[in-house]
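Reading the structure
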Amino acid sequence: MTERFIARSADDDDRRMRAVFLAVPRRMPSTALQARLLAATRPAWPVAAEARDWVVGSELVVSGGVVIGAALLALVPVVAVVAAFFLDAGIVIRGLTHGCVMLVEWLSAGVSVWDLLARTSVVLGSALLSPAGTLVLLGGVLTASLALAGLSRVLPRQEGDV
Amino acid sequence: MSADSGRSAPAPSGDADLVRHSLAGSAEASETLVRRFERPVYNLIVRMVRNEATAEDLTQDTFLKMFRALPTYKQDLRFSSWLLRIAHNTAIDHLRQRRLLTVGPTEDDEGEERDPLDTLPDLDAISPEQSSVRRELASAVDLALDRLRPDFRAVVVLRYQEGLDYEEIAQVLGVPLGTVKTFLHRARRQLARELGAAGWGPETTPGTRP
């Protein structure tokens, strides 16, 4: 108690307050917090280089597959037309010309646009039901599935980055 | 510093190793980092935001930020100080968003006849066996601490519960050393005044405590 009557320094104040805080325990978190922290932070933990390479590699494969599949689906008709043009330009030009002429004649003869659309739909439907059409449809479904799988791998990581 | 170390004990040498192993992909090291620093991080945050559920959310945010920033950690700062800085900034951001970063009551030392620090209880007069008195004192300090400004609370917790020195506190808070000393000085005085008003004077003994 004599220390009260001598000149004190900041160090004395510091020591006295430290002594007071010896009686004050830390605030403790709930027992569930640790498990929650481990589960929530686990996706953000650094990964080993080999694992990281594998993840990056697999994502590249998935992304590449999606891009190539989509490109094929979009480019196949164009490639077919272009190839046909180089093989026999006359066939392509005649086909396009006949198609345009038929369209104009139909429209001039009073065929309704809805009728044309209905006929086109029927043709497309039957094409899809053919073996080749089914193959194209399956390709589309496969490409979409790959895209979804790729997104499901990427999206949680982006959420953790917020 | 670790959750289980003494208040002013030096940091265990394992922190730097843990960080290195965590960065190398060791899940065990990452898990140990979480387990080791969960309590000091939570303690600092809950003292600042004064809400347990919010403090747990912010503790989680702190660890997520820590792991994302771990590759940028430089060892010129102790890992515990670096992590507590993230925790402090997270708590400050929360208080700013909620507009809770208000300036609490500050004392004006001028014109004060008696040094409030004279009213601090003399812990030497309370034997270790008198644990009930210590519990009462802890409760009184808790209440007094809650009445401090958030930045004062942070500096007091870092100094007296986490055992950081002035330099480290300045690094954690991102303020000059002089500001830390000023904050501590004012915080101590306000705490002492609050404790004195609560009946914890220098003559406090088990028999005289109201």
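As a reminder, the structure under discussion sits directly above these lines.
Keep in mind it's a predicted model, so treat the numbers as computed, not measured. (Residues numbered from 1 in each chain as written. Chains lettered and ligands numbered in written order. Predicted model: local features only at pLDDT ≥ 70, side-chain atom pairs only at ≥ 80, totals over all residues.)

**Here we look at the packing of helix α7 (residues 166-173) of chain B against helix α8 (residues 177-197) of chain B**
Residue and element names in this part refer to chain B. Where we set the bar: To obtain an axis, a line is fitted to C-alpha atoms, over the contacting stretch when the element is a helix, and the angle between two such axes runs from 0 to 180 degrees between their N-to-C directions. Each helix corresponds to a stretch of at least 4 residues labelled H or I by DSSP, and each strand to a stretch of at least 2 residues labelled E; elements are numbered beginning at the N terminus. For classification purposes, angles smaller than 35 degrees are called roughly parallel, those larger than 145 roughly antiparallel, those between 65 and 115 roughly perpendicular, and all remaining angles oblique. C-beta atoms are first placed from the backbone for all residues, and any pair lying within 7 Å is then listed as a contact. Under the convention adopted here, Pro, Cys and the residues Ala, Val, Leu, Ile, Met, Phe, Trp and Tyr are nonpolar, Asp, Glu, Lys and Arg are charged, and Gly plus all remaining residues are polar.
Remark: α7 packs on α8, axes separated minimally by 9 Å, with the N-to-C direction vectors making an angle of 100 degrees. As far as their axial angle goes, α8 and α7 are roughly perpendicular. Residue-level inspection shows Y166, E167, I169, A170 and L173 of α7 in contact with α8, the latter providing L177, V180 and K181. When grouped by side-chain class, the residues that make up the contact of α7 with α8 number six nonpolar, no polar and two charged.

**Focus on the packing of helix α5 (residues 131-146) of chain B against α8(B)**
Residues and elements named next belong to chain B. This is how the line gets drawn: By the definition used in this description, the sense in which the near helix is turned from the far one sets the handedness, with an anticlockwise turn below a right angle giving left-handed and a clockwise turn giving right-handed.
Across the interface, α5 lies against α8 with an axial gap of 9 Å and an inter-helix angle of 130 degrees. Here α5 is positioned oblique relative to α8, judged by the angle of their axes. Helix-helix and strand crossings are classified by hand; for α5 and α8 the assignment is right-handed. Residues A140, V141, A144 and L145 of α5 form the contact with α8, whose participating residues are L191, E194 and L195. Tallied by class, residues from the contact of α5 with α8 come to six nonpolar, no polar and one charged.

**Digging into the environment of L18(B)**
All names here are of chain B. Defined as follows: Each residue is classified by how many other C-beta atoms fall within 10 Å of its C-beta atom, where C-beta atoms are placed from the backbone; a count of 20 or more means buried, 12 or fewer means exposed, and values in between mean partly exposed.
Structurally, L18 can be placed in helix α1 (residues 14-23). Look at L18 and you get buried, because 20 C-beta atoms sit within 10 Å. Sequence separation between L18 and L33 is 15 residues; the distance between their C-alpha atoms is 6.9 Å. When sequence neighbours within four positions are dropped, the list of residues in contact with L18 reads A29, T32 and L33.

**Remarks on the interface of chain A and chain B**
Counting from both sides, the interface comprises 35 residues of chain A and, opposite them, 39 residues of chain B. Of all the secondary structure elements, the ones that give two or more residues to the side of chain A that touches chain B are α1 (10-21), α2 (32-41) and α3 (49-87) of chain A. Element by element, the count of residues in the side of chain A that touches chain B is highest for α1(A), at eight residues.

**Some thoughts on unusual backbone geometry**
Residue and element names in this part refer to chain B. Despite not being glycine, R50 shows a phi value in the positive range, around 60 degrees. Along the chain, R50 turns up in the loop between α2 (27-49) and α3 (52-69). On the basis of neighbour count, R50 is assigned to the partly exposed category, with 16 C-beta atoms found within 10 Å.

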